[in-house]
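Each chain, letter by letter, is given below.
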Amino acid sequence: MTHPESTANPEIVLGPNQYGKAEVRVVRINRETPVHEIRDLNVTSFLRGDFAGTFLTGDNSKVIATDTQKNTVYAFAKKHGITTPEAFLLTLGRHFLAYEEVSGGRWTADSYPWERITVDGAPHEHSFVRSKQEVRTAAVTIADGVEYVLGGFKDLTVLKSTGAEFHGYPRDEYTTLPETTDRIMATDIAARWLYADDVDPLTADLDSLYAQIKRITCEKFATVHSLSLQQTLYAAGQAVLESLPQIEDIRYAMPNNHHYVVDLERFGLENNNEVFEAGVLPYGLMNASVTRRGAAPKPAAWDWIGDFI
Ligand SMILES: O=c1[nH]c(=O)c2[nH]c(=O)[nH]c2[nH]1
């Protein structure tokens, strides 16, 4: 048996920290009617607060075990149901904030989309097929008594086979990229958005907002004649903020999934933007926040969120 023991060194201090249970897989079926509803979540719970003891000396007297955090996810799925990922995480976060040693935390979820199987032209009551289009995401952060709620999605893979150009960039001795007025543009869109202060995540129709943000993002990707992926990203964010006052800040991460025109002249063939080499590493990567002028920055909502600036 080892004993808690301080290895104090005044020159070295504990910085920001959190701990919790990662990737709790919970599936909740609502069986109130024969038409079942499904929510399929991968939840991560992180607590922040008076936990220096366990990091510094292994004093666990204030630690809410990560196993307890996991169990709470399952118990809450039963007690409160899962209306939306955002509402579920907020309820979870508020529960943990009631512990004296917890001053804040971060609760995140991936939510896997299931669609009803169609049988004889009608949606089936209790059979589903996993949609592979994109994964919904949510994140709740509680810091300094303030709740921040983010919706989002990731892995929304889109491609347009024309309507994109890239030219006009400076050339130096290391520039080899040919300019183009007609290229494939493709990306795996990840987005996170911060709800405005007057949106109550427990009662607002966040499923509808989600569908609208996905639709607007895809429409802008399709219809903006793109001079750069950066331009497409901003146009999508602007369109979301213009149509949805409920959104205060939207951030995208867009890798540029390059498609290089294969040189077929070697084989005596002409390649008129028809044959491409795809999936080439490395890839470009665009990050931006699109927000409303004068909006107060809310860094606590975004710190440590990963992939987004
Ligand atoms: O849309 C683009 N933006 C860039 O900044 C860039 N850089 C590059 O090599 N290709 C592209 N494409």
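As a convention, each chain's residues are numbered from 1 in the sequence order in which they are written. Under the rules for a predicted model, residues below a pLDDT of 70 receive no local features and side-chain atom pairs below 80 are neither given nor counted, while totals for whole chains, interfaces and linings still include all residues. As a convention, hydrogens and water are excluded, and side-chain values are obtained from all of the structure's heavy atoms.

Looking at an unreviewed UniProt entry, one finds the chain named Uricase, with Nesterenkonia flava as its source organism. The record held by UniProt for the chain lists under Pathway (unreviewed entry) the comment "Purine metabolism; urate degradation; (S)-allantoin from urate: step 1/3." For the chain, the Sequence similarities (unreviewed entry) comment in UniProt is given as "Belongs to the uricase family." UniProt positions are given in the numbering used here, feature names are shortened, and annotations may be inferred rather than shown by experiment.

The next point concerns the side chain of Lys 298. Structurally, the position occupied by Lys 298 is in the loop between strand S12 (284–291) and helix H6 (299–302). Engagement of the side chain of Lys 298 in a polar contact is seen with the side chain of Glu 248, the distance being 3.1 Å. Among all residues touching Lys 298, those that are not within four sequence positions of it are Tyr 148, Leu 194, Asp 197 and Glu 248. Each helix is a run of H or I in the DSSP string that is no shorter than four residues. Each strand is a run of E no shorter than two, and both are numbered from the N terminus. Any pair of N or O atoms that falls within 3.5 Å is considered a polar contact. Within protein, one atom must be able to donate a hydrogen and the other to accept it, and sequence-neighbouring residues count only if both atoms are side-chain atoms. What makes two residues a contact is simply this: any of their non-hydrogen atoms within 4.5 Å.

Once that is clear, we can look at the site of the ligand. Proximity is defined per residue: if any heavy atom of the residue lies within 4 Å of a molecule or strand, that residue is considered near it. Contacts to the ligand come from Phe 166, Leu 177, Arg 183, Ser 228, Leu 229, Gln 230, Asn 256 and Met 286. Note that a nitrogen atom of the ligand is positioned 3.2 Å from one of the side-chain N or O atoms of Asn 256. Alone, the ligand offers 300 Å² of accessible surface; in the complex the protein occludes 72% of this. When residues are sorted by character, Ala, Val, Leu, Ile, Met, Phe, Trp, Tyr, Cys and Pro go into the nonpolar class, Asp, Glu, Lys and Arg into the charged class, and all the rest, Gly among them, into the polar class. Taken together, the residues of the shell around the ligand sort by class into 4 nonpolar, 3 polar and 1 charged. Note that accessible areas follow from Shrake-Rupley with a 1.4 Å probe, and for residues the cover is restricted to the protein chains shown.

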